[in-house]
Amino acid sequence: MTDGMAQEIRALLKERNAILLAHNYQRPEIQDVADLTGDSLDLSIRAAKTNADVILFCGVRFMAETASIVSPDKTVLMPRLDTGCPMADMITPEALKTRLAKLGKMPVVTYVNSTASVKAHSTVCCTSANAVAVVNSLAEDEVLMTPDRNLCQFVASRSNKKIHCWDGFCPVHDRLRAEEVMHAKAAYPEAVFMAHPECRPEVLTLADAVLSTSGMIGFAKESDRKSFIVGTEEGLIYPLQKANPDKSFYRVSESMVCEDMKRTTLDDVLVALKAMKHEVKVSKEVSVPASRAVERMLEITVS
Ligand code: 13P
Ligand code: SF4
């Protein structure tokens, strides 16, 4: 059944000159049928370099918006429109303007896990992998970071700047407790604990490595260690195991599941491709300043 559906999807992708992108947290059968898997920004940048006319993004809405910002001439589709990100929705451009009016003029560094309209009101974007480098590259001594308070505190622990944190958080990563980590470490004493910077500071203190999702895949591949406790959404276990069949990966907790990421099914992908829906288009008014914030980040991290 799944194989037949996957074949139908591959045939339709060819017919539509479309490319299928899947975030590292998507269901295994979606990762398997995708052209590209990875983290959100990396997927958008790689897709922009292809000659596909259509991008079908399996992830959450802000990811499809980023694809539209980076590839304004391509049609960007999502299998479902009800896949949001609670953290991205914890800030609006209006609330950001109000906070800045109180704090005074300073650069705004916004995590790529944010809506296009918030990016458009930001000085520069960052990813979980480059946030420290982006903040430290700025000339100003005072910075506002949005929307993730945990990533912000992680950066603050590695920077001499005065950093104001927006009070947003990823419910999936923020729910992980230090006691659960201690429990997993006791169960797998030989394992390396990898944690995502969206986790709480007391969890990151216990980590052997603090990494983005793609960073975890690279780290596990390079490491000569054989077992790992995975401190991020459970979907990452699948690509980790696929890339490292001789190594073992353990969930740090059973509760790290992002409902929005898991909502998309293979059936949704097929239906969306057949009907060429649902288009995500960021208006020029938003995409031009948002793209400037993304470009600034790339100039800092590539140079
Ligand atoms: P990365 O894949 O960029 O590390 O982001 C994690 C995440 O929470 C995506 O929703
Ligand atoms: Fe948003 Fe967290 Fe889900 Fe990622 S894992 S989409 S940051 S809620």
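One can find the structure itself at the top, above this paragraph.
Worth saying up front: this structure is predicted, and the values here are computed from it rather than measured.

### Section: the packing of aromatic side chains
- In the structure shown here, the tally under the stated rule is two aromatic pairs.
- Centroid distance Tyr188 to Tyr250: 3.7 Å. Interplanar angle 5°. Geometry classified as stacked. Of this pair, Tyr188 sits in the loop between helix H10 (178-187) and strand S9 (192-195) while Tyr250 sits in strand S12 (residues 248-251), and the two are 62 residues apart along the sequence.
- What makes Tyr250 partly exposed here is its relative accessible area of 21%.
- Between Phe228 and Phe249, the aromatic rings sit 5.3 Å apart at their centres with planes inclined by 15°, giving stacked as the arrangement. Here Phe249 lies in strand S12 and Phe228 lies in strand S11 (residues 227-231), a separation of 21 residues in the sequence.
- Look at Phe249 and you get buried, because its relative accessible area is 8%.

### Concerning the sheet that holds strand S10 (residues 209-210)
- Pairing within the open sheet is parallel, and its four strands lie in the order S10-S9-S11-S12. Here the strands that pair on one side only, and so sit at the sheet edges, are S10 and S12.
- Judged from the four bridges that link them, S11 and S12 form a sheet pairing that is parallel. The partner of Phe228 across the bridge, within S12, is Phe249.

### Quick notes on the site of ligand 2
- Tyr25, Val60, Cys85, Pro86, Met87, Asn113, Cys170, Pro171, Glu198 and Cys258 make up every residue found near ligand 2.
- Looking at the shell around ligand 2 residue by residue, the classes come out as eight nonpolar, one polar and one charged.

### Digging into the sheet that holds strand S6 (residues 124-126)
- Read from one edge to the other, the open sheet built from four strands follows the order S6-S5-S7-S8, with strand pairing classed as parallel. A single partner strand is all that each edge strand has here, and the edge strands are S6 and strand S8 (162-165). In this sheet, adjacent strand axes meet at a mean angle of 30° when their direction is disregarded.
- Two strands pair when backbone bridges link them, and strand S5 (residues 108-111) and strand S7 (residues 142-146) are joined in this way by three bridges, in the parallel orientation. Looking at S7, one finds that Val108 is bridged to Leu144.
- Helix H5 (residues 93-103) rests against S5, S7 and S8 of the sheet, and its axis sits at about 160° to S7.
- Across the face of the sheet, helix H8 (residues 149-156) comes into contact with S5, S6, S7 and S8 while running at roughly 170° to S8.

### Considerations on the site of ligand 1
- In the region of ligand 1, the neighbouring residues are His23, Tyr25, Asp39, Met63, Tyr111, Asn113, Ser128, His196, Glu198, Ser212, Thr213 and Met261.
- In this structure, Glu198 approaches ligand 1 through a side-chain N or O atom, which is 3.2 Å from an oxygen atom.
- Protein contacts shield 93% of the accessible area of ligand 1, which totals 300 Å² for the unbound molecule.
- Classifying every residue of the shell around ligand 1 by side-chain character gives four nonpolar, six polar and two charged.

### Looking at the side chain of Thr115
- When you line up the elements, Thr115 lands in the loop between S5 and helix H6 (116-120).
- With relative accessibility at 17%, the residue Thr115 sits in the buried group.
- Ignoring anything within four residues of it in the chain, the contact list for Thr115 reads Phe62, Glu65, Ala88 and Asp89.

Scoring rules and cut-offs
Residues numbered from 1 in each chain as written. Chains lettered and ligands numbered in written order. Predicted model: local features only at pLDDT ≥ 70, side-chain atom pairs only at ≥ 80, totals over all residues. Heavy atoms only, no water. Phe/Tyr/Trp six-rings, centres within 6.5 Å; stacked < 30°, edge-to-face > 60°. Helix = DSSP H or I, 4+ residues; strand = E, 2+ residues; numbered from the N terminus. Buried < 20%, exposed > 50% of the residue type's maximum accessible area, 1.4 Å probe, protein only. Pairing = 2+ DSSP bridges. Near = heavy atom within 4 Å. Nonpolar A, V, L, I, M, F, W, Y, C, P; charged D, E, K, R; others polar. Axes fitted to C-alpha atoms, helices over the stretch in contact; angles between N-to-C directions. Contact = heavy atoms within 4.5 Å. Polar contact = N/O pair within 3.5 Å; in protein donor to acceptor, adjacent residues only side chain to side chain. Areas by Shrake-Rupley, 256 points an atom, 1.4 Å probe, with all protein chains shown as cover.

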